[in-house]
Amino acid sequence: MKLPQAPVQSVQPTQKPAPEQLQKALEALKQAVPIKSNALTFSLDDSSGQTIARVVDSETGEVIRQIPSKELLEIARAIDKMQGMLLKQKA
């Protein structure tokens, strides 16, 4: 099965893509990959900007699997918060 090609914007390795670029890429992915029963969803985590993929039971709405996991996102938020506190203490 050949997937349709979506236009991709070039991002330099040292640059972090803008949230708008990530959102456009996610929308292109949603259109390129036919998803039955909305079992696979893609979104952006507001606080970290991480792309999140979820496999959801279409009948119950229960999240079967999430990548990265909720716990990993919480750990990343805690690390970011600790780094911010350390920077304030050094200043």
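What counts as what
Residues numbered from 1 in each chain as written. Predicted model: local features only at pLDDT ≥ 70, side-chain atom pairs only at ≥ 80, totals over all residues. Heavy atoms only, no water. Helix = DSSP H or I, 4+ residues; strand = E, 2+ residues; numbered from the N terminus. Buried < 20%, exposed > 50% of the residue type's maximum accessible area, 1.4 Å probe, protein only. Contact = heavy atoms within 4.5 Å. Pairing = 2+ DSSP bridges. Axes fitted to C-alpha atoms, helices over the stretch in contact; angles between N-to-C directions.

Asker: Whenever I open this one, the environment of arginine 77 confuses me. Can you help?
Answerer: One can find arginine 77 in helix H2 (residues 70-90). Residue classification places arginine 77 among the partly exposed residues on the basis of a relative accessible area of 35%. Sequence separation of arginine 77 and serine 48 is 29 residues, and the distance between their C-alpha atoms is 7.2 Å. When near neighbours in sequence (up to four residues on either side) are disregarded, arginine 77 contacts Asp45 and Ser47.

Asker: Is there a simple way to explain the sheet that holds strand E2 (residues 51-56) in this structure?
Answerer: Within a sheet, neighbouring strands are paired by backbone hydrogen bonds and run either parallel or antiparallel to one another. Read across the open sheet, the three strands follow the order E1-E2-E3; overall the sheet is antiparallel. The sheet is open, and its two borders are formed by strand E1 (40-44) and strand E3 (63-67), each paired with just one other strand. The mean inter-strand angle of the sheet, taken between neighbouring strand axes irrespective of direction, is 25°. The pairing of E2 with E3 spans four bridges and is antiparallel. Counted as the bridge partner of arginine 54 is glutamine 66 from E3.

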